[in-house]
Amino acid sequence: MSEPRQDQVTGALIGCAVGDALGAPIEGWSRERIAPLDGLTAGYRPLVHGRAPNQKRYPLGQYTDDTQLTLAIARSLVAQGRVDGAAIAREFAALWESGEIVGAGPVADRAVRRLIAGAHWQEAAIADDLALNGAAMRIAAIGLWDCDDRASLADDATVASIVTHKHPLAIDAAIAVATAVAGAVANTVDTASFLHGVAQAIETRSPEFGEHIRQVRAWLELPEDDALQAIASTGGGRIRDGFGIPALAEPTVLAALYAFLKSPTDYTATIDITLRIGGDVDTIAAIAGAISGAHNGLAAIPTDLVKGVKDSGEILDLGRRLFDTRFG
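Nothing here was measured: the structure is a model prediction, and the numbers come from that model.

Comments concerning the overall build of the protein
Move 1: Helix and strand content of the protein: 16 helices and 4 strands.
Move 2: What you see for the protein is a C-alpha radius of gyration of 18 Å, in line with the 20 Å of a compact globule of 328 residues.
Move 3: A principal-axis box enclosing the C-alpha atoms of the protein has dimensions of 50 × 45 × 40 Å.
Move 4: Classification of the 328 residues of the protein by burial places 58% in the buried group.
Move 5: Put simply, of all contacts in the protein between residues at least 6 apart along the chain, 71% involve residues at least 24 apart.
Move 6: Split by element, the accessible area of the protein, about 12600 Å² in all, is 48% carbon and sulfur.
Move 7: On the protein, the mean spot of the 28 positive side-chain charges and the mean spot of the 41 negative ones are 4 Å from each other.

Below you can see the structure in the form of C-alpha cells.
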C-alpha cells in the first residue's frame, strides 16, 4: 500500500472522463458495428442522446453520468474530508435537479428521484433492483481516497454505492473497482497479485465473482474474441444485433480489468481495447481509464484528449484538491 502521486489522482479522474467521452458516441453499438471504425482514440466524436424528437446534441468531448457521478463523489470528499453518504446524495440530486445528468442509468434514476422526493439517502435505493454497473463506474475516487487504508475501502465503497445501488453484485463490483484503482497506484502491476488483491476484496461475499476475477489472468492468454465471449457469458453478454458487454455489474468490471491488464502501461491501448469490445463501452472505458490513469499518471493520457474533454481544467483542479485534502 502506498500513497498516490498528485498526477495519479488527476490522471484517474481525467482518465475516467476521457474514456467515457470517447465511448459515449458508440455506447450500445455491437462489436461488429464498431470494428470498421478508424481512429477511435484519435479524437472525440459527436454525441447525440435520446430519441427523436427529444434528441439532444452535445459538444465534442462531452462525458456522461459515469464521469459526472465520479466527479460528484470526488467533490463530496473534498468538501467533507471523509466519505459521507448524505453529502454524496446531495451531489447526485443536484445533477438531476439541474438537468445536467447525461444518460442516467435506470437504477440510479429511480433512486435519485426518490432522494429528491424526500427519501433518506440510505433508503432511496431498492435491494432487489437490477445488478447494473452504476456504482462501479463512479467509484474511482474512493479507491484513490483509501489506497493507503484498505481496511476502510470496502465500507467506504459500500456507502458510496448504496445511495443508488443496493444489489449485492452492484456493491461488490464497486468494491472490486475501488480496490483495482487503489492497487494501480503501485509503481508496478503484477497481473497475478493485482487480480488476487481485487478478488480477495469480494470473494467472501461473492465467491463466483471472485473466481471470475482470478480467471482474467487465463483469459489474457486467449485470443481476444474468445476472452471477451467468456467475460460476456458471466452476465448474459449479448446485445441486440451483435456482440457486446451489457450494463451488468460483473461483466463490465471483468472487461475493464481485462483491458487494463492487456496494456497496463499504455493508457491509449487500454482505451482502444475497451472501445472495440461493444456494448456498454463508455462505462468500460471510464472504469479502465480511471484504473490506467491511476497507475500511469496524467502524462500517459494524450494531451489533446485531456484538453478536449469537457471541463478539463475543472477536473484537473478537482484532482489536485482531492490529493491535497487527503494526502497533501
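Some points on the pattern of salt bridges
Move 1: All told, the structure shown has 13 salt bridges when counted by the stated rule.
Move 2: When the shortest N-O distance is used, the salt bridge between Arg-205 and Asp-172 registers 2.5 Å. Here Arg-205, found in the loop between α9 (191-202) and α10 (207-219), pairs with Asp-172, found in helix α8 (residues 168-184); they are 33 residues apart in sequence, far enough to count as distant.
Move 3: Overall, Arg-205 belongs to the partly exposed group, its relative accessible area being 46%.
Move 4: For Asp-172, a relative accessible area of 1% gives the class buried.
Move 5: We note a salt bridge from Asp-317 to Arg-321, for which the minimum N-O separation is 3.0 Å. Of this pair, Asp-317 and Arg-321 are both found in helix α16 (residues 312-327), 4 residues apart, which corresponds to roughly one turn of the helix.
Move 6: In this structure Arg-321 comes out as partly exposed when scored by relative accessible area, which is 38%.
Move 7: One continuous salt-bridge network, built from bridges that share partners, spans Arg-31, Glu-224 and Asp-225.

Considerations on the layout of surface pockets
Move 1: The space that makes up the second largest pocket amounts to roughly 380 Å³.
Move 2: Along the wall of the second largest pocket there are 25 residues; nearest its centre are Glu-27, Gly-105, Asn-133, Ala-247 and Asp-280.
Move 3: Elements supplying a minimum of two residues to the lining of the second largest pocket: α3 (65-80), α5 (106-116) and α14 (281-296).
Move 4: Taken together, the residues that form the lining of the second largest pocket break down as 10 nonpolar, 10 polar and 5 charged.

Observations regarding the packing of aromatic side chains
Move 1: The full count for this structure, using the stated rule, is 2 aromatic pairs.
Move 2: Ring centres of Phe-194 and Phe-260 lie 5.6 Å apart, and the angle between their planes is 55°; this geometry places the pair in the tilted category. Taken as a pair, Phe-194 in helix α9 and Phe-260 in helix α12 (residues 249-262) lie far apart in primary sequence, 66 residues in all.
Move 3: By relative accessible area, which is 8% here, Phe-194 ends up buried.
Move 4: Geometrically, the ring pair formed by Phe-323 and Phe-327 is tilted, given 5.9 Å between the ring centres and 35° between the ring planes. Taken together, the residues span about one helical turn, with Phe-323 and Phe-327 both in helix α16 at a distance of 4 residues.
Move 5: Given the relative accessible area of 15%, Phe-323 is considered buried.
Move 6: By relative accessible area, which is 12% here, Phe-327 ends up buried.
Move 7: Taking the ring centre of Trp-29 as reference, the NZ or CZ of Arg-33 above it sits at 3.6 Å.
Move 8: The residue whose ring lies beneath Arg-326 is Trp-145, and the NZ or CZ to ring-centre distance is 5.8 Å.

Considerations on the nonpolar core
Move 1: Ranked by size, the top nonpolar core spans 114 residues in total, and within it Val-18, Phe-194, Ile-213, Leu-257, Ile-291 and Leu-322 carry the most contacts.
Move 2: No other element matches the 11 residues that α8 contributes to this core.
Move 3: Ignoring anything within four residues of it in the chain, the contact list for Ile-213 reads Ala-176, Leu-195, Val-198, Ala-199, Ile-202, Leu-254 and Leu-257.

Considering the side chain of Ser-263
Move 1: Take Ser-263: it is sitting in the loop between α12 and α13 (267-277).
Move 2: When its relative accessible area of 16% is taken as the criterion, Ser-263 is described as buried.

Some thoughts on the state of the cysteines
In a disulfide, the sulfur atoms of two cysteines are covalently bonded to one another.
Move 1: Within this structure, the stated rule accounts for 0 disulfides.
Move 2: Its sulfur unpaired, Cys-16 is 17 Å from the next cysteine sulfur, which belongs to Cys-147.

About the criteria used
Residues numbered from 1 in each chain as written. Predicted model: local features only at pLDDT ≥ 70, side-chain atom pairs only at ≥ 80, totals over all residues. Heavy atoms only, no water. Helix = DSSP H or I, 4+ residues; strand = E, 2+ residues; numbered from the N terminus. Rg over C-alpha atoms; globule rule 2.2 N^0.38 Å. Buried < 20%, exposed > 50% of the residue type's maximum accessible area, 1.4 Å probe, protein only. Contact = heavy atoms within 4.5 Å. Areas by Shrake-Rupley, 256 points an atom, 1.4 Å probe, with all protein chains shown as cover. Lys, Arg positive; Asp, Glu negative; His and termini not counted. Charge placed at Lys NZ, Arg CZ, Asp CG, Glu CD. Salt bridge = Lys/Arg side-chain N within 4 Å of Asp/Glu carboxyl O. 1 Å grid on protein atoms, 1.4 Å probe; cavity = no way out; pocket = protein on both sides within 12 Å on 5 of 7 lines; lining within 4 Å. Points joined across faces, edges and corners; volume = space filled by probe spheres on them. Nonpolar A, V, L, I, M, F, W, Y, C, P; charged D, E, K, R; others polar. Phe/Tyr/Trp six-rings, centres within 6.5 Å; stacked < 30°, edge-to-face > 60°. Lys NZ or Arg CZ within 6 Å of the ring centre and 35° of its normal. Core = buried A, V, L, I, M, F, W, Y, C linked by side-chain atoms within 4.5 Å. Disulfide = S-S within 2.5 Å.

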